[in-house]
Every structure is written in C-alpha cells, then in structure tokens.
Amino acid sequence: MENLLDNVQNHDWLICDYSQELPKIATELYLKLTQLSNPKIIIAEKSPVRFLASFIAACAAKCPVFLCNPDWSQAEWEQVFNLVQPDIVLGIDYKFLKSSIPNYELPIINTIMIPTGGSSGKIKFAIHTWETLTASVRGFTEYFSINAVNSFCILPLYHVSGLMQFMRSFTTGGKLVITSSKTLETSQIPNINPSEFFISLVPTQLERILQNPELTQWLSKFSTVLLGGAPPWEELLEKARFHQIRLAPTYGMTETASQIATLKPDEFLEGKFNCGKILPHAKIIIDNPPGNINIQSQSLALGYYPQMWENSHKFVVDDIGFLDSQDYLHILGRNSDKIITGGENVYPTEIEAAIRKTNMIIDVCVIGIADKHWGQALTAIYIPKDKNISYLEIQTQIKNQLSKFKIPKNWISLPNLPRNTQGKINRQQLQQIAEDLLIRSPTSLRSRGSKS
C-alpha cells in the first residue's frame, strides 16, 4: 500500500487521454487526505484519470472509499448519501442534505466499497479491501499462467468489472488501456497489439461489436476476451466462435471481486458451453446438485456496508448450478427468478434461449405474472426484429424445443428492455410494466398465449 504513489510515476502503464496528469493529481490529493482524520470519500469522477488518481490516493491514505456511478438519478444519490454520510465527495456537485441517520464507523479503516444491486433499485456496497482485490488478481494470474496483465477496458471503473482490470494491470506491472464503448463503435481503435491484451465485455457489447466487420476482425486478435456481467445467449456464443473470437465466459460477482470461474479461450473454441473451471483462489460447494452455489474465496467481500458478515469466507448465492465430472461449472439460473407454473419449476434462461434461436427478436426476458389458474403465468416480453412479426410465429417455432408448460401464456412486445451498463435486465421494472399492461388490457395480451 505504501508504494502505491511510487507506482503511478511511470506514465507507460496507463494508455488514455491525459494519462500524464495522474501522478500530480494523485499526489496532491494524497497530501490533503493525510491531513484529515480518516475521511469517508465518495468517488464519482467521470474522467478515468481523475477516478484512478482519486482511488489510488484514497487507498494510499488508507481512507474508506465508496465507488459511485456519476450518472445515478437524484433518488439514487439521496439513497447513497443517507447510507454513506460522506466527508468528501469527488466528481459531482451535490446539494443533498445529510439525514439524521447515524454516521456508521467501519471496523477497518482502509476499506473499498463497491456498488452492487443497482438494477433492483436498491444500491448496496460490498465491503472489500486491497487484500481481497489482490487475492482475486493472484487467482487470475495463476489460472492464466501469466505474470503481467495487459487490460483493454471499456467498462465503468466504479463497477467491479472495470475496477479489477485496473487492479490486474496496476499490481502486476501490466498496461491498461481505457476508452469507451461509444468511441470503439466509431472504429476509433487505439494503436496497440491486441494479442498482448485481455479485454472484458458484457454480452450486449459483444453483440454490437460483432455487427461491425472491422471491429469483429480486431476483436479476433485479442489474447482473451473475458465475457461476464450477464448470462450470454447461445446464438451470441456461436457467432463469436464462428468468427474465432477467443472468448472466455466467466462467472463471478461484485462480492467475489470479479470472476471465480472462467472457461479458457481454447476450450471455448473447441465447442464447450459452460462457465469453466474454478480459479485457484476460490472453491465452490454445491449440496444436492443442481443447487445453490456456496462460494469460499480469499477474494470475498467482508459484508455489505455498514454490516460485516460473521463468516466472510463463505457466501451462498442465489444462483443454481452444478459441477460436471470434469469440474466445469454450469449455471442453470437464479433461484429467485424461478417461476412455478402449474406446479412445475421453470427457469427463464431456457425459454429465453429458445426464443432467441428463432432469430425473430432483438431482445427477450421471461417473467412470471400472478395467475389464478397457473399460480404464475409465463410471460415473454420481447423486442421483435420486425414490427410485422407475430408472437404466433415465434410460438410455433419454439413448440418443438420446449415442453408444453414452458410455452409463455402472455406475449408483450416493447420497443426496448431496461438493462443496466453490465447488460443485466431489470426484472423488477419489467414485472411492473407487464402487470400494468395486463391490468389495462388483459384480454388483448392474455389472448396472445394459449391456456391449454
């Protein structure tokens, strides 16, 4: 930790606009922070250089630091301010009054709070430390048998997916390229050798890149293309394999400081469909598989701010999965997303995959709506590729792929589906949209699906 400021003096490790300003910003902020008594710091800098400089300075000064999305709504910011009660806010102008909620004291001072749960409407902060984050880095480098990690980052730095790209490069002496998805999509490609770099994407980013022949060819040159954030669909994986993209689908979360399982690119290109094997810094236990995944890892968060977990080395998640005979991890879906219809358990991912295979939709999400006949009625909310496509055409194509009880009863066409920056669907918001539509026009929507 004491050497953090020494490490930033080398300009070569960071490749982005204004990278030469980072040492000065970090040093000046560090000197200010060390004059204060353990201030709680919110970092919401939009500039990557200012974000990293602030993060490095706060960690070097051993201050509690909260990473935040500068584009949160006012309601979200009010929620965060009430919870955090910050002493210093970097990156945004704020006019929020501090509430009467007690000012929490953390048991450990040099903590790093990473946001999670924003898609559900309630923001939480997973409590990490420099040690939990570097444990993840060690597991990553050992798994891929490398010493220095070069990362190409187009994901937000306040999110674990972007932050860990910085951590891998910064702590191993590798290089870090930072740009944006929008810049990349205009074919403004930095002058680097992709074969020496890892790049991390979410499925929606990969989908957009594969629509551009120039970017597709460029992506195929990368050493490894890490894919996480949300479950990928089979059609997307097949397209990536067709273009010889060295894809590495991953499984992980904010609470585990990014991935704890990864499928290696050569295995992906050979035709494997799973989340890969467990990284060496982690262990997974599944009782009565398929079942809930119990994670044990040195990279686990210590709790959700402000509460510390009693046992910070074990974490049971909502995901349902199993390890096959070769120890590859397979994820079936989330237990909380499970739909019980007519007494049968249904996981939306299977139905969504079948609907995607029709090539008639741009996006889809399957949820359960309360129903007096079925308990929950399967409801497909989708964006059609063509406005003239009827749900009946889609329904006809999936009937040979799915059991009768897995065919959606309701079909709702929308112009877009709410996804966050990591590509995760906001199911809570979709649930409300679907329920409102079904209440307003139940006949027109419910008659779209068969009750048989």
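Now for a look at the structure at hand. Model, not experiment: these values are computed from the prediction.

### Some details on unusual backbone geometry
Most of the time, phi is negative for any residue but glycine, and the peptide bond is trans. A cis amide bond links P289 with the next residue in sequence, P290, at an omega value of -5°. When you line up the elements, P290 lands in the loop between β14 (282-285) and β15 (291-297). Put simply, Y305 and P306 share a cis peptide bond, and its omega is 5°. Here P306 shows up in the loop between β16 (303-304) and β17 (307-308). Here the phi dihedral of Q244 falls at roughly 60°; this positive angle occurs in a residue that is not glycine.

### A word on the nonpolar core
Within the largest apolar cluster, 46 residues are counted, with the highest numbers of intra-cluster contacts made by L52, F55, L67 and F166. In terms of residues, this core owes the most to one element, helix α3 (residues 48-60), which gives 10 residues. With residues up to four places along the chain from it excluded, the contact list for L67 reads I43, F51, F55, W72, I112, M113, I114, P115, F125, L157, Y158 and L163.

### Topic: the environment of I293
Tracing the sequence through the fold places I293 in strand β15. For I293 and I320, which are 27 residues apart along the polypeptide, the C-alpha to C-alpha distance reads 6.2 Å. Excluding residues that lie within four positions of it along the chain, I293 makes contacts with Y251, I284, I285, I286, F315, V316, V317, D319, G321, L329 and I331.

### Looking at the side chain of Q165
Here Q165 lies in helix α6 (residues 160-172). We classify Q165 as buried; its relative accessible area is 1%. At 3.0 Å, the side chain of Q165 and the backbone oxygen of S161 are in polar contact. Ignoring anything within four residues of it in the chain, the contact list for Q165 reads S151, F152, C153, L155, L176 and S200.

### Observations regarding the pattern of salt bridges
Using the criterion set out here, one finds 14 salt bridges in the structure. For D318, the salt bridge identified is with R334, shortest N-O distance 3.7 Å. Taken together, the positions of D318 in strand β18 (residues 315-323) and R334 in strand β19 (residues 329-334) put the pair 16 residues apart, joining distant regions of the chain. Residue classification places R334 among the partly exposed positions, given a relative accessible area of 38%. Between D337 and R427 there is a salt bridge, with its nearest N and O atoms 3.5 Å apart. Highlighted residues: D337 in the loop between β19 and β20 (339-341) and R427 in helix α14 (residues 427-440), separated in sequence by 90 residues. For R427, a relative accessible area of 22% translates into the label partly exposed. What you see here is one network of salt bridges that share partners, running through D318, D319 and R334.

### Let's talk about the packing of aromatic side chains
If you walk through the whole model with that rule in mind, you get 20 aromatic pairs. Ring centres 5.9 Å apart and planes at 85° place the aromatic pair F55 and F166 in the edge-to-face group. Of the two residues, F55 is situated in helix α3 and F166 in helix α6; the sequence distance between them amounts to 111 residues. Residue F55 is classed as buried on the basis of its relative accessible area, which comes to 0%. According to the relative accessible area criterion, F166 is buried, its value standing at 0%. Centre to centre, the rings of W77 and F81 are 5.9 Å apart; their planes meet at 70°, and the pair counts as edge-to-face. Of this pair, W77 and F81 are both found in helix α4 (residues 74-84), four residues apart, which corresponds to roughly one turn of the helix. Summarising the burial analysis for this pair, W77 and F81 share the class buried. One aromatic cluster is present, formed by W13, F55, W130, F166 and F170 through successive ring pairs.

### A look at α6
The terminal C-alpha atoms of α6, which comprises 13 residues, lie 18 Å apart, in line with the 18 Å expected from a rise of 1.5 Å per residue. For α6, the buried fraction is high: 11 of the 13 residues fall into the buried class. Considered for burial, the residues of α6 that qualify are V160, G162, L163, M164, Q165, F166, M167, R168, S169, F170 and T172. Looking at the residues trailing α6, positive phi occurs at G173, about 80°.

### Some details on the sheet that holds strand β22 (residues 361-371)
An order of β22-β23-β24 is seen for the three strands of this open sheet, with the pairing classed as mixed. Strands with a single pairing partner mark the edges of an open sheet, and in this sheet they are β22 and β24 (410-413). Between one strand and the next, the sheet's axes are offset by a mean angle of 25°, whatever the strand orientation. Across the face of the sheet, helix α12 (residues 348-356) comes into contact with β22, β23 (375-384) and β24 while running at roughly 140° to β22.

Here is what the cut-offs are and how they apply
- Residues numbered from 1 in each chain as written.
- Predicted model: local features only at pLDDT ≥ 70, side-chain atom pairs only at ≥ 80, totals over all residues.
- Heavy atoms only, no water.
- Helix = DSSP H or I, 4+ residues; strand = E, 2+ residues; numbered from the N terminus.
- Core = buried A, V, L, I, M, F, W, Y, C linked by side-chain atoms within 4.5 Å.
- Buried < 20%, exposed > 50% of the residue type's maximum accessible area, 1.4 Å probe, protein only.
- Contact = heavy atoms within 4.5 Å.
- Polar contact = N/O pair within 3.5 Å; in protein donor to acceptor, adjacent residues only side chain to side chain.
- Salt bridge = Lys/Arg side-chain N within 4 Å of Asp/Glu carboxyl O.
- Phe/Tyr/Trp six-rings, centres within 6.5 Å; stacked < 30°, edge-to-face > 60°.
- Expected span 1.5 Å × (residues − 1).
- Pairing = 2+ DSSP bridges.
- Axes fitted to C-alpha atoms, helices over the stretch in contact; angles between N-to-C directions.

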